[in-house]
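Listed here are the chains, written in short residue letters.
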Amino acid sequence: AQSVSQHNHHVILSEAASLELGCNYSYGGTVNLFWYVQYPGQHLQLLLKYFSGDPLVKGIKGFEAEFIKSKFSFNLRKPSVQWSDTAEYFCAGGGKLIFGQGTELSVKP
Amino acid sequence: DTAVSQTPKYLVTQMGNDKSIKCEQNLGHDTMYWYKQDSKKFLKIMFSYNNKELIINETVPNRFSPKSPDKAHLNLHINSLELGDSAVYFCASSQSPGTADQPQHFGDGTRLSIL
């Protein structure tokens, strides 16, 4: 069965700390992976996406993600987080766009 | 200039009632979706329509009935509401039927609370 899993349920960081959120996928066929962000009380917004080509993908707001085929992973990174990055982050992929469980990021000022 | 708009934003009603949520997109997309986000923020697809035709119908009680009068609209009607239906319902749209190469654009969500 297709699945997308996020291992970090809640991450708490101080401002300027580096961020890495894990995402693993389990499905065959064409790889299509996304990271979405949901700020408190708002809708989901696309951060970045990967379909093919350079496995290091750069998105909006200074986020990037690296696709590692051998590890079935698509981890999200940011070198230095800000308080405004506090949000829920979702990894998604697959033919029916399966979402991971989400990771709540809290950044302390 | 809202791309995907849902109404109402909040819906509070009693068990057993019937309610509808409307969704419209002005992006010219062919495909629209309904998702349910539970209290733990878990997001799960319910339905997907492409050019008014149902293409994804996950395991959802038949009390939930989507209707797509045209490709810019996908409404969700829920009969005999139950406590477990309390959630945030998101509408989304994308250019192509599959999600293989196109991201989805989400509406602001409808928070449904059942008393």
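Residues numbered from 1 in each chain as written. Chains lettered and ligands numbered in written order. Predicted model: local features only at pLDDT ≥ 70, side-chain atom pairs only at ≥ 80, totals over all residues. Heavy atoms only, no water.

*Asks:* How should I be thinking about the interface of chain B and chain A in this particular structure?
*Replies:* Many structure descriptions define interface size as the accessible area lost when the parts assemble. Facing 19 residues of chain B, the contacting portion of chain A comprises 19 residues. A buried area of about 1600 Å², summed over both sides, lies between chain B and chain A, and 58% of it is on carbon and sulfur atoms. Residue Glu88 of chain A pairs with Lys41 of chain B through a salt bridge whose shortest N-O separation is 3.9 Å. Inspection of the chain B/chain A interface yields three residue pairs in polar contact (both at pLDDT 80 or more). (Contact = heavy atoms within 4.5 Å. Buried area = accessible area lost by both parts, 1.4 Å probe. Salt bridge = Lys/Arg side-chain N within 4 Å of Asp/Glu carboxyl O. Polar contact = N/O pair within 3.5 Å; in protein donor to acceptor, adjacent residues only side chain to side chain.)

*Asks:* Teacher, can you tell me more about the side chain of Ser48 of chain B here?
*Replies:* All names here are of chain B. Tracing the backbone shows Ser48 in strand E5 (residues 43–50). Ser48 sits in the buried class, given a relative accessible area of 0%. In terms of polar contacts, Ser48 uses its side chain to reach the backbone carbonyl oxygen of Met32, at 3.4 Å. Among all residues touching Ser48, those that are not within four sequence positions of it are Thr31, Met32, Tyr33, Glu53, Leu54, Ile55 and Ile56. (Helix = DSSP H or I, 4+ residues; strand = E, 2+ residues; numbered from the N terminus. Buried < 20%, exposed > 50% of the residue type's maximum accessible area, 1.4 Å probe, protein only.)

*Asks:* Is there a simple way to explain the nonpolar core in this structure?
*Replies:* Buried together is how nonpolar side chains tend to be arranged in soluble globular proteins. In this structure, Trp35, Leu47, Leu48, Phe74, Leu76 and Tyr89 of chain A are the most contacted members of the largest nonpolar core, which totals 28 residues. The set of elements that each furnish at least two residues to this core consists of strand E2 (10–14), strand E3 (19–21), strand E5 (33–38), strand E6 (44–50), strand E8 (64–68), strand E9 (73–78), strand E10 (87–93) and strand E12 (103–108) of chain A. If we skip the residues at most four places from it in the chain, Leu48 of chain A touches Leu33, Phe34, Trp35, Val57, Lys58, Gly59, Phe63, Glu64, Ala65, Phe74 and Leu76 of chain A. Counting 19 residues, the second-largest nonpolar core is a separate cluster that includes Cys23, Met32, Leu112 and Ile114 of chain B. (Core = buried A, V, L, I, M, F, W, Y, C linked by side-chain atoms within 4.5 Å.)

*Asks:* What exactly am I supposed to notice about the state of the cysteines here?
*Replies:* Each disulfide consists of one covalent bond between the sulfur atoms belonging to two cysteines. Residues and elements named next belong to chain A. Counting across every chain of the model gives two disulfides over all chains. Sulfur-sulfur distance for the disulfide between Cys23 and Cys91 comes to 1.9 Å. Measuring the twist about the S-S bond at about -65 degrees, one finds the Cys23-Cys91 disulfide to be left-handed. Here Cys23, found in the loop between E3 and strand E4 (24–26), pairs with Cys91, found in strand E10; they are 68 residues apart in sequence, far enough to count as distant. (Disulfide = S-S within 2.5 Å.)

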